[in-house]
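Chain residues, written in single-letter form:
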Amino acid sequence: MKAELFLPDDYRPAEDEPFMNELQLEYFRRKLITWREELLEGSRDTIEGLQESTRNIPDSADRASEETDRSLELRTRDRQRKLVSKIDAALRRISEGEFGYCEKTGDQISLKRLDARPIATMTLEAQERHERREKVHRDD
C-alpha cells in the first residue's frame, strides 16, 4: 500500500500542470469518496426515516400524500444508488490509470468538466454526439 499523498486544502487541478498527475488523481479520488459517503449517509437516513414513519394514517388524503412522498423519496434514492455505482466505476478508473480520458475518443476530458462531474466518461463533444444519436434513434 502506498503512502497517502499530501494534498493542500486549497488545491485545485490546473491546466498548466501535467494531466492526471498524482495530485490531480488524489484530488478527484477524494472528491469521489466524499460524494459517495454523502450519498450513502443520505440513503441510511432515508431507510431509518421510512422505518420510523411506517404508521397507520386514517385519513385517506393524508395517507395518499404520505405514499406520494415515500414514492418520490424512493425514486430519488434509486437514482442515487445508480450514481454510487458510477462513482465506484470512476474510482476504479483512477486505480487503473484510465480516469480523465474519453472512453470514445481517448482524448483528455477537460478539468472543468471533471471538476463539475467527476464521473464523466466522455469529453463534452463526445457526450453531445452520443446524446444526439440517442435522440435520433429514440425518435424512430
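Scroll up for the structure.
Within every chain, residues take consecutive numbers counted from 1 along the sequence as written. Given that this is a predicted model, residues contribute local features only at a pLDDT of at least 70 and side-chain atom pairs are listed and counted only at 80 or more, while totals for whole chains, interfaces and linings are drawn from all residues. In computing side-chain values, all of the structure's heavy atoms are included and hydrogens and water are not.

(A) Seen up close, a negative patch on the surface. Together, Asp 107, Glu 125, Glu 128, Glu 131 and Glu 134 line one region of the surface with negative charge. Helix and strand definitions follow DSSP, with helices as H or I runs of at least four residues and strands as E runs of at least two, each counted in order from the N terminus. With respect to the helices and strands, the residue Glu 134 is situated in helix H4 (residues 124-139). Put simply, a patch holds well-exposed residues, over 30% relative accessible area, that have no salt bridge, with like charges counted together within 9 Å and Val, Leu, Ile, Met, Phe, Trp or Tyr side chains within 5 Å. Methods summary: accessible areas were calculated by the Shrake-Rupley approach with a probe of 1.4 Å, and residue burial reflects only the protein chains presented. For this analysis, a salt bridge means a side-chain nitrogen from Lys or Arg found within 4 Å of a carboxyl oxygen belonging to Asp or Glu. In this count, Lys and Arg are taken as positive residues and Asp and Glu as negative ones, while His and the chain termini are left out. Every charge is mapped onto a representative atom, which is NZ of Lys, CZ of Arg, CG of Asp or CD of Glu.

(B) Local environment of the nonpolar core. Counting 23 residues, the largest nonpolar core has Met 20, Phe 28, Leu 32, Ile 87, Phe 99 and Leu 114 as the members making the most contacts within it. Elements supplying a minimum of two residues to this core: helix H1 (22-52), helix H2 (60-96) and helix H3 (111-116). Of the residues forming this core, the biggest block, six residues, is contributed by H2. Contacts: residue pairs with any heavy atoms within 4.5 Å of one another. In this view, Ile 87 contacts Leu 32, Trp 35, Arg 36, Leu 39 and Ile 119; residues no more than four positions away in its chain are not counted. For the purposes of this section, nonpolar cores are sets of buried Ala, Val, Leu, Ile, Met, Phe, Trp, Tyr and Cys residues that join through side-chain atoms within 4.5 Å. Here's how the labels work: a residue is buried when its accessible area is under 20% of the maximum for its type, exposed when over 50%, partly exposed in between, all with a 1.4 Å probe on protein chains only.

(C) Spotlight on the side chain of Gln 127. Mapped onto the secondary structure, Gln 127 falls in helix H4. Note on Gln 127: relative accessible area 18%, which makes it buried. For Gln 127, the residues in contact, after removing those within four places along its chain, are Arg 113 and Met 122.

(D) Highlighting a positive patch on the surface. Together, Lys 104, Arg 129, Arg 132 and Arg 133 give the surface a local cluster of positive charge. Tracing the backbone through its elements, the reader meets Arg 133 in helix H4. Using a relative accessible area of 46% as the deciding quantity, one classes Arg 133 as partly exposed.

(E) Looking closely at the pattern of salt bridges. Under the criterion given, the structure shown has six salt bridges. A salt bridge links Asp 78 to Lys 82, with the nearest nitrogen and oxygen atoms 3.5 Å apart. With Asp 78 and Lys 82 both in helix H2 and four residues apart, the pair spans about one turn of that helix. The partly exposed category is assigned to Asp 78, whose relative accessible area is 29%. Sharing partners across several salt bridges, the network here consists of Glu 26, Arg 29 and Arg 30.

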